[in-house]
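Report on the structure
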Amino acid sequence: MFTGILGNEELKQILKRLRSGGRMPNAMLFAGPDGVGKRLFALDVARSFVCTTHENDACGVCQACVRAGQFEFPKPDGKDAYKNVILSHHPDVGLVTTVKKQIAVDAIRDLEREAHFHPYEGSGRTFIIDDADKMNEASSNALLKTLEEPDPTSHLILVTSRPDTLLSTIRSRCQVFRFAPVLTGLIEKHLLETGVADAESAQLAARLSEGSVGRAISIDIARVRGRRRELVRTLDAAFVRGDFAAALHTGEVLNEPKNKDNFEDDLEMLLTLIRDIWTITLGGEPAVHTDIRPELEHIARAAGPKHLSAIIEQIGLTQERFFVNINRKLAADALFTAMAA
C-alpha cells in the first residue's frame, strides 16, 4: 500500500496497521491541503480490500488493483450525469464526485443503496466521496443516513481540503485522518527524478507548491516567471512609488477574460511575494522567491511590516470569499487600492 506516494509517512503506517489488524473504520475523513495525495491514499485503501495477491494489503499491480483505479466518467452535460455512484472497472470500488461544483443528492442516495450490497469479488466495498465539502444540506443529510447504519463490509472515505465546512454530525461519525503538506525537498527531488523540470525550475515549483505535489507538477514555470515579473513591478509601484494607477491596472489585467482561469493562482503568487517581503522586513529569509531576493529587499525597504501584514490578511479574506462567488473585479480593485494607499 501507498508505494510511490510522497510524504505523510506516519499516516501510511497508521493505515497499514489498521488494515492488517482488520480494524479499518467504516467511515473515514481524509482532510488536508489539495494535491498532497489524499485521493491516492483512498484508492490504495480501496485496493487493499480487493487485491488478489496480498491479504489486507494492496500490491497495486494485480488485475483487481488495476481495475480498482480505472473509472469512466460520464459527460458533464448529460441529463443524469453524476447522479449515481461511479463504479470503477472493479464492482467493489466506487466514487462520488462533483458536477457544476456540487455533489448531487441523488448520488448520495445511490451511495446509500450501493453501500448495503455485499462485496462482489473482494473482502469489502469502498466508496470515495471526492471534494466532500461540496455537498449541500440535502446531500449532507442523505449521507447521515448511511453513516448512522454502516454495513460492516462497506467503507466510506470522505476526501476534502475544507473539513470545517462539513456538518459536525458528519465529522463526528468519521475517523479523521489529517494530511500534512509534502516536504519541499521531496517535491523538488520528485520533479527532477521524473524529468518534469530542470534543477532551477524544480526548486521554484516546489517552493510555490506549498506542499502540494499536484500543484507543483501542474505549474507552468514560464508563465509563472512572466507573471511574477509583472507582480514584482506592481509591488514596486505600490510600495516604493505609491503609483495608484499602476496598481489598479494590474488588478484589471488579472481580471481580463484570458486570465480568468488563472486569477486564483496569480493571487496566491502575490501572497507568497508579499509574505517573503514581510519576512525580510522582520529580518528573516524569504521562503519562496529566494532567487529574486535583491528585488524583494528593495521593496521591503519602503514597505512597513504592519501595512504588509494587513495586505496579507486582506488577500486571505479574498481567497476565502471565492467560495461564495464574490465579484472578483471589485475584490481586486479593493486589494490593489489598499496596497498603494
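Structure first, text after, so check above.
So, a few notes on the structure that sits alongside this text. It should be emphasised that the depicted structure is a prediction, and the values quoted were computed from it without experimental measurement.

Conventions we followed
Residues numbered from 1 in each chain as written. Predicted model: local features only at pLDDT ≥ 70, side-chain atom pairs only at ≥ 80, totals over all residues. Heavy atoms only, no water. Helix = DSSP H or I, 4+ residues; strand = E, 2+ residues; numbered from the N terminus. Polar contact = N/O pair within 3.5 Å; in protein donor to acceptor, adjacent residues only side chain to side chain. Buried < 20%, exposed > 50% of the residue type's maximum accessible area, 1.4 Å probe, protein only. Contact = heavy atoms within 4.5 Å. Axes fitted to C-alpha atoms, helices over the stretch in contact; angles between N-to-C directions. Parallel < 35°, antiparallel > 145°, perpendicular 65-115°, else oblique. Left-handed = near helix turned anticlockwise from the far one by under 90°. Nonpolar A, V, L, I, M, F, W, Y, C, P; charged D, E, K, R; others polar. Pairing = 2+ DSSP bridges. Salt bridge = Lys/Arg side-chain N within 4 Å of Asp/Glu carboxyl O.

This part covers the side chain of D266. Position of D266 relative to the elements: it lies in helix 12 (residues 263–281). One polar contact links D266 to R227, side chain to side chain, over a distance of 3.2 Å.

With that settled, consider the environment of C51. As for its position among the elements, C51 is in the loop between helix 2 (38–48) and helix 3 (63–68). On the accessibility criterion, C51 (11% relative accessible area) is buried. Remark: the alpha-carbon pair of C51 and A64, spanning 13 residues in sequence, is separated by 5.6 Å. Setting aside anything within four residues of it in sequence, one finds C51 in contact with D57, A58, C59, C62 and C65.

What follows is about the packing of helix 10 (residues 221–240) against helix 13 (residues 293–300). Closest axis-to-axis distance for the helix 10/helix 13 pair is 9 Å, and the angle between their directions is 20°. Here helix 13 runs roughly parallel to helix 10, going by the angle between their axes. The handedness of the crossing between helix 10 and helix 13 comes out as left-handed. From helix 10, V232, L235, D236, F239 and V240 reach across to helix 13, where they touch E295, H298 and I299. Among the residues forming the contact of helix 10 with helix 13, the class breakdown is five nonpolar, one polar and two charged.

Here we have six strands laid out as an open sheet, ordered 2-3-4-5-1-6, and mixed in their pairing. Looking at strand neighbours, the two that pair on one side only are strand 2 (86–87) and strand 6 (175–178), the edges of this open sheet. Where strand 4 (residues 125–129) meets strand 5 (residues 154–160), five bridges bridge the pair, whose relative direction is parallel. Residue R125 lies in a different strand from strand 5, and its bridge partner there is S154. Of the strands in this sheet, strand 1 (27–31) and strand 6 touch helix 1 (residues 9–20), which is tilted by about 150° from strand 6.

Tallying each qualifying case throughout the model produces 22 salt bridges. With its nearest N and O atoms 3.7 Å apart, the salt bridge here joins R109 to D106. Taken together, the residues span about one helical turn, with R109 and D106 both in helix 4 (residues 105–114) at a distance of three residues. Under the relative-accessibility criterion, R109 is labelled partly exposed at 47%. Here D106 falls in the partly exposed class, since its relative accessible area comes to 31%. The salt bridge partner of R173 is E148, with a shortest N-O separation of 3.8 Å. Here R173 is found in the loop between helix 6 (168–172) and strand 6, whereas its partner E148 is found in helix 5 (residues 137–148), with 25 residues between them in sequence. A residue is classified by how much of its surface remains accessible, and E148, at 49% relative accessible area, is partly exposed. Taken together, the shared-partner salt bridges in this structure form one network comprising D92, D110, R113, E114 and R125.

Geometry only, nothing functional implied.
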